[in-house]
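# Chain and residue survey
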Amino acid sequence: NIITRIIYSEDHSNAGVFSKKAPNLKKLTLSNPLSHIVPELKPIDGEHIIDKTDASAFHSTGFLSWLINKNIDTLLISGCTTSGCVRATAVDACAYNFIPIVVLDCVGDRAIGPHNSSLFDLEQKYSDVISLDKVKEYVLNY
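Every value quoted in this text rests on a predicted model; they were computed, and no experiment measured them.

Calculation rules
- Residues numbered from 1 in each chain as written.
- Predicted model: local features only at pLDDT ≥ 70, side-chain atom pairs only at ≥ 80, totals over all residues.
- Heavy atoms only, no water.
- Helix = DSSP H or I, 4+ residues; strand = E, 2+ residues; numbered from the N terminus.
- Buried < 20%, exposed > 50% of the residue type's maximum accessible area, 1.4 Å probe, protein only.
- Contact = heavy atoms within 4.5 Å.
- Patch = residues over 30% accessible without salt bridge, like charges linked within 9 Å, V, L, I, M, F, W, Y side chains within 5 Å.
- Areas by Shrake-Rupley, 256 points an atom, 1.4 Å probe, with all protein chains shown as cover.
- Salt bridge = Lys/Arg side-chain N within 4 Å of Asp/Glu carboxyl O.
- Pairing = 2+ DSSP bridges.
- Right-handed = clockwise from strand over helix to strand, strands pointing away.

We now examine the overall build of the chain. Counting its regular elements, the chain contains five helices and five strands. When the helices and strands of the chain are listed from N to C terminus, the series reads β-α-β-α-β-α-β-α-β-α. With respect to the three principal axes, the spread of C-alpha positions in the chain is 45 × 35 × 30 Å. Across the 142 residues of the chain, 31% fall into the buried class. Excluding contacts between residues fewer than 6 apart, the proportion of contacts in the chain whose partners are at least 24 apart in sequence is 62%.

Right, dumping it as structure tokens:
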């Protein structure tokens, strides 16, 4: 499993255009508890944390090489902003020829309009959008 989070340096020297559009993101530094992983998602042994400064888990991170090294071909994607990080990661996964699956029950957004539009577009062009129950059913029967 991979957990991603946005982390900027304390001096914001690694903050780019993404954080200019959403300046509150610059508050997400290692010293700020808002950037810490909530206890319910605390990584267990073998889980990997990727710190990123942009929407996609792939951009300027070691995610791609980690996936290749582990011979992974399919990604189950969940997250907090369907129209942002979830979408960017799914689109990039598709571009790198991974099979992206957005887990319907495990994504959300600031508003229902961007959420639904993103899910529609992702399903049409970039990924499968599948309920958690269907994902569990598939994984348990694999």
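More follows now that the structure is in view.
Our next topic: a nonpolar patch on the surface. Where nonpolar side chains cluster on the molecular surface, the patch consists of Leu76, Tyr138, Val139 and Tyr142 and spans about 540 Å² of accessible area. Structurally, leucine 76 can be placed in strand E3 (residues 74-79). With relative accessibility at 48%, the residue leucine 76 sits in the partly exposed group.

Of note, histidine 12 is a non-glycine position whose phi angle comes to about 60°, a positive value. As for its placement among the helices and strands, histidine 12 is situated in the loop between strand E1 (2-6) and helix H1 (17-21). If you check the backbone angles, asparagine 97 has positive phi at about 70° while not being a glycine. Relative to the helices and strands, asparagine 97 resides in the loop between helix H3 (82-95) and strand E4 (99-107). Asparagine 97 gets classed as exposed once you look at its relative accessible area, which sits at 67%.

What follows concerns the pairing of E4. Regular strands show a simple pattern: their side chains alternate between the two faces of the sheet. Pairing analysis gives five bridges linking E3 to E4, with the strands arranged parallel. The partner of leucine 76 across the bridge, within E4, is isoleucine 101. The handedness of the E3 to E4 crossover, carried by H3, is right-handed. Bridging between E4 and strand E5 (residues 128-130) involves three bridges; their strand directions are parallel. Among the inter-strand pairings, isoleucine 101 is bridged to a residue of E5, identified as aspartate 128. In this fold, the crossover linking E4 to E5 by way of helix H4 (residues 112-126) has right-handed handedness.

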